[in-house]
Each structure stands twice: as C-alpha cells, then as structure tokens.
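Coordinates in review
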Amino acid sequence: AAWVEVVRRDLLWLPARGLALGALFTVANGMRWGVVRPLGHHRNLHVMNSRVIGVISGGPFRFVRHPNDAAVFIELATLPLIHTAWLTAVLGTAGHAWVLSRRLAVEDPLLIGSPEYRAVIAGKPRFAPRLFGDRLESRSKPAALRQESE
C-alpha cells in the first residue's frame, strides 16, 4: 500500500527523515527478532495460555509484557514513513491498534489467570519500559491487576 501511495501521490523521498526512520525501523526489527530467541519454537500468532510453555522472562520480556507487539507497531508506523507515505502509516497503525486491542482483550485475562505469569511478568508495563515513573504504571496494568492492588 505504501508504494502505491508514493507513486500515485508522487511523494518525494526526504533523505534525513528517511534515514532516521529507517534506523528506527531497523531497531524495532531487531527488537522483534530479539523476542524470537527467548520464545524459540513457541512463538506464534495465536492467543495461548502460558502454562503450556512456561513463563518467558528473558530477553525483552525483562522490561515489558508484549515486546513483539510494540516492535511490530513501530515497524508498521515507520516503514511507510521512510518514503513519506503518511496516509498508509496512519491507516496501517490505526488498523493494527484496533486488531491488537481485540487480541489483548482476550490474551491478557488468560495470561493474568496464571499465578506463575502474575508473579513474573504482570507488574511490568505492557509495551514500553518504565521511563516516566509510577504515574503511568497503573494505566498499563490489566484491570484484574489494578483491582488487586487497590
């Protein structure tokens, strides 16, 4: 879709912006592949109960609960923007955010239902490491955890 937008709208490539966004895309891609290593052959696109595979707490999971989702979101936003296809970036990330919200509405309660998961992962933020202190921490917790801590 991005290449269609670039060609049809005759968009210019802006080297400084394109290179910076390309670097960000590369970092996000590396982060996504960093998730593959700790998950190994258990990585898939399905909602799974972690009791089957155990709780993964290494790699990027040391910092956030859903590092792959964060990386894919950054990739979907930056790839079209490398070529100034902002319309594709906006629509693509909005669509992905909607799909992700639907999946996490099913996945998070399933994961939080596991005592092992709660003990290891549940206190961590969902997508981004804590950079802004405890003020944002409560917003990143699933409703089940917020109720337990109140």
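Since this is a predicted model, take the numbers as computed values, not measurements.

Another aspect to go through is helix H3 (residues 67–82). At 3.6 residues per turn, the α-helix brings residues three or four places apart onto the same side. Between its first and last C-alpha atoms H3 spans 22 Å; for 16 residues at 1.5 Å apiece the expected length is 22 Å, and the two agree. Within H3, burial applies to Pro 67, Asn 68, Asp 69, Ala 70, Ala 71, Glu 75, Ala 77, Thr 78, Pro 80 and Ile 82. Of the residues trailing H3, Thr 84 is marked for its positive phi of about 60°.

Let us look at a nonpolar patch on the surface. Together, Trp 86, Leu 87, Val 90 and Leu 91 give the surface a local cluster of nonpolar side chains, amounting to about 400 Å² of exposed area. Locating Trp 86 in the fold gives a position in helix H4 (residues 86–112). Classification of Trp 86 as partly exposed rests on a relative accessible area of 45%.

Glancing now at the packing of helix H2 (residues 15–39) against H3. For the pair H2 and H3, the least separation of the axes is 8 Å and the interaxial angle reads 155°. With respect to their mutual orientation, H2 and H3 come out roughly antiparallel. Where H2 crosses over H3, the handedness of that crossing is left-handed. Together, Gly 18, Leu 21, Gly 22, Leu 24, Phe 25, Ala 28, Asn 29, Met 31, Arg 32 and Val 35 of H2 and Pro 67, Asn 68, Ala 70, Ala 71, Val 72, Ile 74, Glu 75, Thr 78, Leu 79, Leu 81 and Ile 82 of H3 make up the contact between the two elements. Grouping the constituent residues of the contact of H2 with H3 by class yields 14 nonpolar, five polar and two charged.

Scoring rules and cut-offs
- Residues numbered from 1 in each chain as written.
- Predicted model: local features only at pLDDT ≥ 70, side-chain atom pairs only at ≥ 80, totals over all residues.
- Heavy atoms only, no water.
- Helix = DSSP H or I, 4+ residues; strand = E, 2+ residues; numbered from the N terminus.
- Expected span 1.5 Å × (residues − 1).
- Buried < 20%, exposed > 50% of the residue type's maximum accessible area, 1.4 Å probe, protein only.
- Patch = residues over 30% accessible without salt bridge, like charges linked within 9 Å, V, L, I, M, F, W, Y side chains within 5 Å.
- Areas by Shrake-Rupley, 256 points an atom, 1.4 Å probe, with all protein chains shown as cover.
- Salt bridge = Lys/Arg side-chain N within 4 Å of Asp/Glu carboxyl O.
- Axes fitted to C-alpha atoms, helices over the stretch in contact; angles between N-to-C directions.
- Parallel < 35°, antiparallel > 145°, perpendicular 65-115°, else oblique.
- Left-handed = near helix turned anticlockwise from the far one by under 90°.
- Contact = heavy atoms within 4.5 Å.
- Nonpolar A, V, L, I, M, F, W, Y, C, P; charged D, E, K, R; others polar.

Treat this as a map of the structure, not an account of what it does.
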